[in-house]
Amino acid sequence: MSSTQIIVIVIVVLVIVAALAVAARSVSRRRQLQSRFGPEYDRMVQEQDSRSAAERELRDRERRHAELTLTPLSPESRAHYAAAWEELQIRFIDSPGETVGDADELVTRLIEEQGYPTGDFSDQIAHLSVEHARTLTNYRDAHEIHLRNSRGEASTEELRQAVVHYRALFADLLGEEPVGQHAPEQHHPDTPHDATSR
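Calculation notes
- Residues numbered from 1 in each chain as written.
- Predicted model: local features only at pLDDT ≥ 70, side-chain atom pairs only at ≥ 80, totals over all residues.
- Heavy atoms only, no water.
- Helix = DSSP H or I, 4+ residues; strand = E, 2+ residues; numbered from the N terminus.
- Buried < 20%, exposed > 50% of the residue type's maximum accessible area, 1.4 Å probe, protein only.
- Contact = heavy atoms within 4.5 Å.
- Areas by Shrake-Rupley, 256 points an atom, 1.4 Å probe, with all protein chains shown as cover.
- Salt bridge = Lys/Arg side-chain N within 4 Å of Asp/Glu carboxyl O.
- Expected span 1.5 Å × (residues − 1).
- Phe/Tyr/Trp six-rings, centres within 6.5 Å; stacked < 30°, edge-to-face > 60°.

Draft legend 1. Here's a closer look at the overall build of the protein chain. Within the protein chain, the regular secondary structure consists of eight helices and zero strands. Starting at the N terminus, the α and β elements of the protein chain follow one another as α-α-α-α-α-α-α-α. By residue count, 36% of the 198 residues in the protein chain fall in the buried class. In the protein chain, the share of contacts with a sequence separation of at least 24, taken over all contacts with a separation of at least 6, comes to 62%. Accessible surface computed for the protein chain: about 11,100 Å², of which carbon and sulfur atoms make up 53%.

Draft legend 2. Region of the structure containing the pattern of salt bridges. Enumeration over the complete set of coordinates arrives at 16 salt bridges. For Glu62, the salt bridge is made with Arg29, and the minimal N-O distance between the two is 2.5 Å. Remark: Arg29 occurs in helix 1 (residues 3-37) and Glu62 occurs in helix 3 (residues 51-66); sequence separation between them is 33 residues. Put simply, Glu40, Glu57, Asp60, Arg61, Arg63, Arg64, Glu67 and Arg140 are held in one network by salt bridges that share partners.

Draft legend 3. Representation of helix 4 (residues 75-91) within the structure. With 17 residues, helix 4 should reach 24 Å at 1.5 Å per residue; the first-to-last C-alpha distance of 25 Å fits that figure. The inward-facing, buried residues of helix 4 abut helix 5 (96-113) and helix 8 (156-174).

Draft legend 4. Up close: the packing of aromatic side chains. Per the counting criterion, the structure on display carries four aromatic pairs. Summarising the aromatic geometry, the rings of Tyr81 and Phe170 are spaced 6.4 Å apart at their centres and angled 65° between planes, so their arrangement reads as edge-to-face. Of the two residues, Tyr81 is situated in helix 4 and Phe170 in helix 8; the sequence distance between them amounts to 89 residues. Residue class for Tyr81 comes out buried when judged on its relative accessible area of 4%. Among the residues examined, Phe170 registers a relative accessible area of 0% and is labelled buried. Arranged with centres 4.7 Å apart and planes meeting at 25°, the rings of Trp85 and Phe170 form a pair that is stacked. One end of the pair, Trp85, is in helix 4; the other, Phe170, is in helix 8, with 85 residues separating them in the sequence. As far as burial versus exposure is concerned, Trp85 and Phe170 are alike and both buried. Through pairs of rings, three or more aromatic residues link up here, namely Tyr81, Trp85 and Phe170.

Draft legend 5. Molecular detail of the side chain of Gln124. The residue Gln124 is located in helix 6 (residues 121-132) in this model. With near-sequence residues (within four places) excluded, Gln124 lies in contact with Ile111, Pro117, Thr118 and Tyr139.

Written out as structure tokens, the structure is:
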């Protein structure tokens, strides 16, 4: 075997090793993104033109999230929000439409107090997705029902579901279940008005 052939073989081997290293790094990064973003990863892949475009967007979200100054809640603030949520769930029985609007406002205040931007909803979702991706589908659904409710298009059952969805993100942000695992009940003629959150 000539020295030229040996050099060509060495170059080919080096190219193959480099390609394998790049592929392994790409697979590792993909797995990290899938693990971090969960269902949000799949959603982005469906929305974008390609998997690499979706992954670029998710990495960009991580970069923008790292620039935020997030503040943990004080125990007093945490207790205040938990009490506000409990009161909100109790009020659902008598005024479900108003309660959904209040839930949206309460979640927005909690997001803002922790240091997330709250202006544009899509930016808000992008920032939240880095640490709270598993509850974003709930938040999107709740917000959509809230918007439909403001147009008078949401049923009482949809409003109940919106409160359940808001609670998922609320609990995730609070770091604990605010007032129990049950959904608010709809008011029926035989339901006592003093019913608590269920």
